[in-house]
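# Descriptive analysis of the structure
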Amino acid sequence: MVLAGSHAIVQSSPLKQKALRLQGAMGIPRACSVCWLFHVVVLVCALCLILCVGSVAAQTAQLSVDASPQSVQTIPGNMFGIFFEEINHAGAGGLWAELVSNRGFEAGGSNTPSNIDPWLIIGDESNIIVATDRSSCFASNPIALRVEVLCDASGTNACPSEGVGIYNPGYWGMNIEKTKVYRATMYIRSSESVELTVSLTSSDGLQNLASHTIMGDKEDFVEWTKVEFDLQSNDRNTNSRLQITTTKSGIIWFDQVSLMPSDTYMGHGFRKDLASMLANLKPRFLKFPGGNYVMGNYLINAFRWSETVGPWEERPGHFNDAWAYWTDDGLGFFEFLQLAEDLGACPVWVVNDGASLNEEIPSATIAAFVKDIVNGIEFARGDAQTPWGSVRAAMGHPEPFQLYYVSIGNQECSKYYYKENYVKFYSAIKASYPDIKVISSCDRSAISPANPADLYDVHVYTSSGDMFSKSTMFDKTARTEPKAIVSEYAVTGNDAGRGTLIAALAEAAFLIGLERNSDVVEMASCAPLFVNDNDQRWNPDAIVFNSWQHYGCPNYWMLHFFKDSSGAVLHPSTIQLSNYDQLVTSAITWKSSQDGNTYLKIKVVNFGSKAVNVNISVTGLETGIQTFGSIKTVLTSGWLRDENSFQQPDKVVPAASPITNAGEQMGVSLPSYSLTSFDLLLDSSQMMHSVSGSGLLSSM
């Protein structure tokens, strides 16, 4: 009531102020003057109270780090990795660099006539007839395309000057870059001589970027013949197509038409810009290939590893019914293993255990599925003289892959036969490969001597507020085996947007909680990883792309704050601020591979709307902190739901700057809604000559 009265005096109207002045001029009794003075005193007291409350709001948090050797624990070496699922055209039309969509004309299945989308004809039905038949030379993918040309080069039924034929726009347009070389491959059969022009053009066919002529006599193509050649583009077009045209009448068959850029990541067929984004995260494991993709809605459409290895032309491909698109399986089991090796990551293979989303194989008949998985491990790890190891060797990788993790199924513990079938897989794998860690889809409570597991899989999809609170999720977990692999986590719901700042901060707090509990959590990866902007089946995702652009969402950039944590030394840390529970912190010591120096990294998430001052106190260090060479990195933005986009790919990205007051005692500030890391350079024999020499400013 007093505050309200004093506030009324401050906010009095001009008319009332004038009346008060008049009262004074007319000789108001002194007692009233005393009343007025009393109200002024009350106002001053109120202002003091407001200032006092403000000082409480601006109080400084205390962050303590115990860096003494006796208090440390080592974070598992494979702690932070990535999970790839064939969803959102992440692989077909994305990470896998094949530019032709439905290259084998198999997308419609084995029935003929089949769906040849997105292939289209050049010309009209008076000049050309296109249909599929079962004449392919490949038994496992029998569909081929029959093209009957009715017009000719001259005469009364002359073809259009540009010819007639077929074209493929790729996955929402092919990105063709100037001077780049593209390797074209196709199988051709004809009972007549052949005169074909293969071109890269703009989407309307008017701009010619590169061309190659295929000519042959009648005898040259009477049997299926593989034709390979390079196309070098003379210009750039981000919405291009591959077309095959002719002005010669006759019937010609095509199959397995491929176009691959010659410049791929490590030369192994991965789109270079997207694979580089993965490499920049320094992932310690790669879990693949799903997800629901492994299961399929029905078993006929499940991922079968043995059908995805060997020559790409002989792979049947399959319909990804979980996410409703066809995949040629160019990105198969071998390629996933190769990608893990190229990234320096440990492969984690999710296997089909005889279950789809709508079907399940009984335990009495599961033996064939069990044997298939053991064969798959032999393909990855077997000697080149073993039956399946020889297949891998023939594909150009005589040395075994380092496969040590196998996950049985995808979140299927509630299925009727899962536990009984799981034990059969576990026993068979351990009998042949005892060093492989087997991951169960059941939670920790279901693991027992009768249902053993090396790791149990955890998936967390929730709101940002709940994800932030889950930073303590494993605090009370029993410190005994088995450990968890949190292989799928993401903020979902309204505040997730298409990848917002607030979602990234909530996930960062969750990961800090996993760091602190890394004695019971061995691995963690977000999901999903990729989305083609033209086919978003799940939202949000970490990396968005189209045929020629890409950007990382805030949660992708958040992961950079954890890429040095795997195998690092974890120190106990606490942060305290009265009446404010929006801060989460961790501290690690890590060694930079770029400069060889050792850093103490302190990470803090401020999940609230208040900017916070922090006093950092580090005790127990065996070496000091250097005055120069330390870096502060901040992930924040102007609004908690800010997102990145093709138009503003760097709207929410980390910003790095030198720390000018680095020391064991230092005052810092944390913006509201932010993730901040302080990389403090520790004393070593290698002295820093400049801040940029640390390599940290560019490490994000």
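Residues numbered from 1 in each chain as written. Predicted model: local features only at pLDDT ≥ 70, side-chain atom pairs only at ≥ 80, totals over all residues. Heavy atoms only, no water.

From N to C terminus, the protein chain includes 12 helices and 35 strands. For the protein chain, the residues scored as buried account for 54% of the 700 residues in total. A separation threshold of at least 6 residues defines the contact pool for the protein chain, and within that pool the share at least 24 residues apart is 76%. Only carbon and sulfur atoms are counted for the fraction: they give 54% of the accessible area of the protein chain, which is about 28,900 Å². (Helix = DSSP H or I, 4+ residues; strand = E, 2+ residues; numbered from the N terminus. Buried < 20%, exposed > 50% of the residue type's maximum accessible area, 1.4 Å probe, protein only. Contact = heavy atoms within 4.5 Å. Areas by Shrake-Rupley, 256 points an atom, 1.4 Å probe, with all protein chains shown as cover.)

This part takes up the packing of aromatic side chains. All told, the structure shown has 26 aromatic pairs when counted by the stated rule. Look at Y556 and W557: their rings are 5.1 Å apart centre to centre, the planes differ by 80 degrees, and that puts the pair in the edge-to-face class. The exposure class of Y556 is buried, given its relative accessible area of 2%. Within the aromatic cluster, the residues linked to one another by ring pairs are F84, F288, W305, F333, F334, F336, W349, F379, W388, F401, F530 and F545. For K603, the ring lying beneath its charged end belongs to F562, and the centroid distance is 4.8 Å. (Phe/Tyr/Trp six-rings, centres within 6.5 Å; stacked < 30°, edge-to-face > 60°. Lys NZ or Arg CZ within 6 Å of the ring centre and 35° of its normal.)

Relative to the helices and strands, E314 is located in the loop between α5 (292–295) and β16 (318–320). We classify E314 as partly exposed; its relative accessible area is 43%. Along the chain, E314 and F138 lie 176 residues apart, while their C-alpha atoms are 6.0 Å from each other. With residues near it in sequence (within four places) discarded, E314 still touches F138, S140 and N141.

Moving on to the packing of helix α7 (residues 367–381) against helix α9 (residues 418–432). Where α7 meets α9, the closest approach of the two axes is 10 Å, and the angle between their N-to-C directions is 35 degrees. By crossing handedness, the relation of α7 to α9 is classed as right-handed. Between α7 and α9, the contacting residues are F369, V370, I373, V374 and I377 on the first element and K424, F425, A428, I429 and S432 on the second. Taken together, the residues of the contact of α7 with α9 sort by class into eight nonpolar, one polar and one charged. (Axes fitted to C-alpha atoms, helices over the stretch in contact; angles between N-to-C directions. Left-handed = near helix turned anticlockwise from the far one by under 90°. Nonpolar A, V, L, I, M, F, W, Y, C, P; charged D, E, K, R; others polar.)

Moving on: the environment of T386. One can find T386 in the loop between α7 and α8 (387–394). Of note is the side chain of T386, whose polar atom sits 3.0 Å from the backbone nitrogen of G389. (Polar contact = N/O pair within 3.5 Å; in protein donor to acceptor, adjacent residues only side chain to side chain.)

What follows covers the pairing of strand β9 (residues 181–190). Looking along a regular strand, one sees side chains alternate from face to face of the sheet. Summarising burial for β9: seven of the 10 residues are buried, a large majority. Judged from the eight bridges that link them, β9 and strand β12 (residues 225–232) form a sheet pairing that is antiparallel. Looking at the pairing, Y182 lines up with L231 of β12. As judged from the eight bridges shared by β9 and strand β14 (residues 250–261), these two strands associate in the antiparallel manner. When the sheet's bridge partners are listed, I188 is paired in β14 with F254. (Pairing = 2+ DSSP bridges.)

Evaluated as defined, the whole model comprises two disulfides. Through a disulfide, C151 is tied to C159; the S-S separation comes to 1.9 Å. Between C151 and C159, the S-S torsion sits near 95 degrees, and that sign places the bridge as right-handed. This pair shows no difference in class: C151 is buried, exactly as C159 is. Between the sulfur of C413 and that of C442 lies a disulfide, 2.0 Å long from S to S. Across the S-S bond linking C413 and C442, the dihedral sits near 90 degrees, which makes this disulfide right-handed. With C413 in the loop between β19 (405–408) and α9 and C442 in the loop between β20 (437–440) and β21 (455–462), the pair connects residues that are 29 residues apart, well separated along the chain. Accessibility expressed as a relative area gives 1% for C442, which makes it buried. (Disulfide = S-S within 2.5 Å.)

Our next topic: the side chain of S592. Tracing the sequence through the fold places S592 in the loop between β29 (583–591) and β30 (598–606). The buried category is assigned to S592, whose relative accessible area is 4%. A distance of 3.3 Å separates polar atoms of two side chains, one belonging to S592 and the other to D595.

The next subject is unusual backbone geometry. Here the bond from D117 into P118 is cis, since omega is 5 degrees, no more than 30 degrees from zero. Positionally, P118 belongs in the loop between β3 (82–83) and β4 (120–122). Geometrically, the link from F288 to P289 is a cis peptide bond, its omega value of -5 degrees lying close to zero. Assignment of secondary structure puts P289 in the loop between β15 (285–288) and α5. Of note in this structure, H89 is not a glycine but carries a positive phi near 55 degrees. Position of H89 among the secondary structure elements: in the loop between β3 and β4. With a phi close to 50 degrees, K282 is a non-glycine residue in the positive phi region. Among the structural elements, K282 can be located in the loop between α4 (272–279) and β15.

A separate point is the nonpolar core. Ranked by internal contacts, the top residues of the largest apolar core, which has 111 residues, are W349, V486, Y489, F530 and M558. The greatest single-element share of this core, amounting to 12 residues, is contributed by helix α11 (residues 501–516). In this structure F530 touches F84, I87, N88, A90, L95, L274, L278, D541, I543 and F545, once residues within four positions along its chain are discounted. By size, the runner-up hydrophobic cluster in this structure holds 37 residues, among which are I128, C151, V198 and L200. (Core = buried A, V, L, I, M, F, W, Y, C linked by side-chain atoms within 4.5 Å.)

If you trace the five strands from one edge of the open sheet to the other, you get β5-β6-β14-β9-β12, paired in antiparallel fashion. Looking at strand neighbours, the two that pair on one side only are β5 (128–133) and β12, the edges of this open sheet. Each strand axis lies, on average, 30 degrees off the axis of its neighbour in the sheet, ignoring direction. Here six bridges tie β5 to strand β6 (residues 144–149), and the two strands are oriented antiparallel to one another. Note that in β6 the partner of T132 across the bridge is L145.

Let us look at the pattern of salt bridges. The tally for this structure, following the rule as stated, stands at 21 salt bridges. For E177, the salt bridge is made with K180, and the minimal N-O distance between the two is 3.6 Å. A residue is classified by how much of its surface remains accessible, and E177, at 29% relative accessible area, is partly exposed. You can call K180 partly exposed: its relative accessible area is 31%. (Salt bridge = Lys/Arg side-chain N within 4 Å of Asp/Glu carboxyl O.)

With that out of the way, let us pick up α9. Along its 15 residues, α9 runs 21 Å from first to last C-alpha, staying within 8% of the 21 Å computed at 1.5 Å per residue. Regarding α9, the residues found buried are Y418, N421, Y422, F425, Y426, I429 and K430. Summarising the axial view, the buried residues of α9 lie within an arc of 160 degrees, below the 170-degree limit, and thus occupy one face. Opposite the packed face of α9, turned more than 90 degrees from it, sit the exposed residues E420 and A431. Residues of α9 that are buried make contact with α7, β19 and β20. (Expected span 1.5 Å × (residues − 1). Arc of directions from axis to C-beta.)

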